[in-house]
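# Structural overview for review
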Amino acid sequence: QVQLIESGGGLVQAGDSVRLSCEGSGDIFSDYAMGWFRQAPGKGRDFVAAITRAGTRKGYADSVKGRVTISRDNAKNTVNLQLNNLTPEDTARYYCAARQTVTGVWYGREYEYTAWGQGTQVTVSS
């Protein structure tokens, strides 16, 4: 099972951008479809973006579409999330997730993932 560690969060201002990274270890990273989720205080974990094993297909939540880009570098065992034009509503803990698969699809539901990182906090001030 792959282990995941996120980085790149912090305190930013509204309108800023942030780039989150997630590094995998302990298994063949390219065997995993990857996703990003976020959890705001007092709320459930919501899907943000996902990407297939080879990075050829991507999916985004409607709430962030147009402001977010997911990408991966299998040579470096990393998946990244670029968030632009941040608002206070983007304040949340952001989690990287992995699902081992032989298919070329991405997954948008929390229960579809089997490995999770500890998360990285993004706080957007107005």
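Residues numbered from 1 in each chain as written. Predicted model: local features only at pLDDT ≥ 70, side-chain atom pairs only at ≥ 80, totals over all residues. Heavy atoms only, no water.

## Considering the pairing of strand 8 (residues 78–83)
Formally: A simple rule labels every residue: compare its accessible area, found with a 1.4 Å probe on the protein chains alone, to the largest value its type can have, and call it buried under 20%, exposed over 50%, or partly exposed in between. Where helices and strands are cited, they refer to DSSP runs of H or I of at least four residues and of E of at least two residues respectively, numbered from the N terminus. Pairing between two strands requires that DSSP report at least two bridges joining them.
Within strand 8, five of the six residues are buried, which leaves it mostly tucked inside the rest of the structure. Here six bridges tie strand 7 (residues 68–73) to strand 8, and the two strands are oriented antiparallel to one another. Residue R72 lies in a different strand from strand 8, and its bridge partner there is V79. Hairpin remark: strand 7 followed by strand 8, antiparallel, with four residues in the connecting loop; positive phi at N77, about 60°.

## Observations concerning the environment of Y94
For clarity, the cut-off: Polar contact is defined as a pair of N or O atoms within 3.5 Å, subject to the rule that within protein one atom must be able to donate a hydrogen and the other to accept it, and that residues adjacent in sequence are counted only when both atoms are side-chain atoms.
Note on placement: Y94 falls in strand 9 (residues 92–100). Each C-alpha atom of the pair Y94 and Q3 lies 16 Å from the other, and the pair is 91 residues apart in sequence. Among the polar contacts listed, one links the side chain of Y94 to the side chain of R38, at a separation of 2.9 Å.

## Regarding unusual backbone geometry
For N77, which is not glycine, the phi torsion reads 60° and is therefore positive. Within the secondary structure, N77 sits in the loop between strand 7 and strand 8. With relative accessibility at 25%, the residue N77 sits in the partly exposed group. Within the chain, N85 stands out as a residue other than glycine whose phi angle is a positive 50°. Looking at where N85 falls in the secondary structure, it is placed in the loop between strand 8 and strand 9.

## Notes on the state of the cysteines
Cysteine pairs can be linked by a disulfide, which is a covalent bond between their two sulfur atoms. Quick note on the threshold: Two cysteine sulfurs form what is called a disulfide whenever their separation falls within 2.5 Å.
All chains considered together, the criterion is met by one disulfide. Shown here is the disulfide that connects C22 with C96, its sulfur atoms set 2.1 Å apart. Handedness of the C22-C96 disulfide follows from its S-S torsion of about -75°: it is left-handed. Here the residue C22 occupies a position in strand 3 (residues 18–25), and C96 occupies one in strand 9, the gap between them amounting to 74 residues.

## Overview of the sheet that holds strand 8
Selection criterion: Lines fitted to C-alpha atoms define the axes, with helix axes restricted to the stretch in contact, and inter-axis angles between N-to-C directions lie between 0 and 180 degrees.
Taking strand neighbours across the sheet as the criterion, the four strands line up as 1-3-8-7 in an open arrangement whose pairing is antiparallel. Edge positions in the open sheet fall to strand 1 (3–7) and strand 7, since each of these has one partner strand only. Strand after strand, the sheet turns through a mean of 15° between neighbouring axes, direction not considered. Both strand 1 and strand 3 contribute to a ladder of five bridges, which runs antiparallel. Following the sheet pairing, S7 is matched in strand 3 by S21.

## Examining the packing of aromatic side chains
Our working definition: By convention, a stacked pair of Phe, Tyr or Trp rings (six-membered ring in the case of Trp) has centres within 6.5 Å and planes under 30 degrees apart, an edge-to-face pair has planes over 60 apart, and any other such pair is tilted. For a ring to carry a charge above it, either NZ of a lysine or CZ of an arginine must fall within 6 Å of the ring centroid while also lying within 35 degrees of the normal to the ring plane.
Applying the stated rule across the entire model yields six aromatic pairs. Measuring from centroid to centroid gives 6.1 Å for Y113 and W116, while their planes differ by 65°, and the two rings are edge-to-face. Using a relative accessible area of 24% as the deciding quantity, one classes W116 as partly exposed. The ring of Y95 is capped by R45, whose NZ or CZ atom sits 4.1 Å from the centre of that ring. Against the face of Y107 rests R99, its NZ or CZ located 4.3 Å from the ring centre.

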